Amino acid sequence: MAALAVNLSARRLVIDRTVRAVREVNKDVPECCDEVRYVSDTVVCRPREDDGGTPWVFTSWGALIASADQVEDAAMYVYTYVSRRPEQARPRVSS
């Protein structure tokens with residue numbers, strides 16, 4: 001997780017790291033409302049049981065990102081989804 005935090009920090013994301021998780025905030029992208037000022041997520045590293053217990057990085061909602069040893073892939077995935085503007089991340093509903 002330390003290598004992932006460094007990689008994301010180099011991409012200008014604000015990082016808050018614990019042993020098993022990295023919270024990243026993109027202050028260049030506003031989020032939806034006052035309670036959520038900027039796009040962010042907390043990714044975690046945990047064993048993936050269907051891969052023999054190999055450590056994987058997951059989003060806060062449990063989506064697989066990449067094997068923990070694939071730091072560049074994980075960083076690109078995270079950076080991409082925290083860099084989308086709210087209107088890009090959510091489809092508009094037409095009336």
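Structure: see above.
These lines cover the structure that appears in this document, whether it is placed above or below. (Residues numbered from 1 in each chain as written. Predicted model: local features only at pLDDT ≥ 70, side-chain atom pairs only at ≥ 80, totals over all residues. Heavy atoms only, no water.)

Side note on the overall build of the protein chain
Under the convention used in this document: Numbering of helices and strands starts at the N terminus; helices are DSSP runs of H or I of at least 4 residues and strands are runs of E of at least 2. Note on exposure labels: buried denotes an accessible area under 20% of the residue type's maximum, exposed denotes more than 50%, and partly exposed covers the range between, all computed with a 1.4 Å probe on protein chains only. Throughout, a contact is declared for two residues whenever any of their heavy atoms are within 4.5 Å. A 1.4 Å probe and the Shrake-Rupley method give the accessible areas. Residues count as covered only by the protein chains that appear here.
Tallying secondary structure elements over the protein chain gives three helices and five strands in all. When the helices and strands of the protein chain are placed in sequence order, the string is α-β-β-β-β-β-α-α. For the protein chain, buried positions account for 32% of its 95 residues. Restricting the contact set of the protein chain to residue pairs at least 6 apart, pairs at least 24 apart contribute 31%. Within the structure as shown, the protein chain displays about 6200 Å² of accessible surface, and the carbon and sulfur contribution to it stands at 50%.

Focus on the pattern of salt bridges
Basically, it comes down to this: Salt bridge criterion: a side-chain nitrogen from Lys or Arg within 4 Å of a carboxyl oxygen from Asp or Glu.
On inspection of all chains with the given rule, the structure shows two salt bridges. As a salt-bridge pair, Glu-72 and Arg-11 come within 3.6 Å of each other at their nearest N and O atoms. Here Arg-11 lies in the loop between α1 (2-10) and β1 (14-17) and Glu-72 lies in helix α2 (residues 71-82), a separation of 61 residues in the sequence. You can call Glu-72 exposed: its relative accessible area is 51%. Asp-50 is the salt-bridge partner of Arg-48, the closest N and O atoms lying 2.7 Å from each other. A relative accessible area of 63% places Asp-50 in the exposed class.

Quick word on the side chain of Asp-41
Here is the rule we go by: Counted as positive: Lys and Arg. Counted as negative: Asp and Glu, with His and the chain ends omitted from the count. Pairs of N or O atoms are called polar contacts if they sit within 3.5 Å, as long as, within protein, a hydrogen donor faces a hydrogen acceptor (for residues adjacent in sequence, only side-chain-to-side-chain pairs).
Along the chain, Asp-41 turns up in strand β3 (residues 36-48). No salt bridge is formed by the buried Asp-41; its nearest oppositely charged neighbour, Arg-23, is found at 7.8 Å. Within polar-contact distance, the side chain of Asp-41 engages the side chain of Ser-60 at 2.4 Å. Polar contacts involving the side chain of Asp-41 include one to the side chain of Tyr-81, which spans 2.3 Å.

Comments concerning α1
We count it as follows: The arc in question is the one traced by the directions running from the helix axis out to the C-beta atoms.
Where α1 is concerned, the buried positions are Leu-4, Ala-5, Asn-7 and Leu-8. Along the axis of α1, the buried positions cluster into a sector of 165°, meaning they face one direction only. Away from its buried face by more than 90 degrees, α1 exposes Val-6 and Ala-10. Within two residues after α1, Arg-12 carries a phi angle of roughly 70°, on the positive side.

Quick word on unusual backbone geometry
In this structure, Arg-12 is a non-glycine residue whose phi angle is positive, near 70°. Summarising the element assignment, Arg-12 is placed in the loop between α1 and β1. Arg-12 gets classed as exposed once you look at its relative accessible area, which sits at 62%.

Quick notes on the environment of Asp-41
With relative accessibility at 6%, the residue Asp-41 sits in the buried group. Spatially, the C-alpha atoms of Asp-41 and Ser-60 are 6.4 Å apart, while their sequence positions differ by 19 residues. If near-sequence neighbours (up to four positions away) are discounted, Asp-41 is found in contact with Val-22, Arg-23, Glu-24, Thr-59, Ser-60, Trp-61, Tyr-81 and Val-82.

Considering the pairing of strand β4 (residues 54-58)
Note the threshold: Two strands make a pair as long as DSSP finds a minimum of two bridges between them.
Pairing geometry for β4 and strand β5 (residues 64-67), over three bridges, is antiparallel. Its bridge partner lying in β5, Trp-56 is registered against Ser-67.

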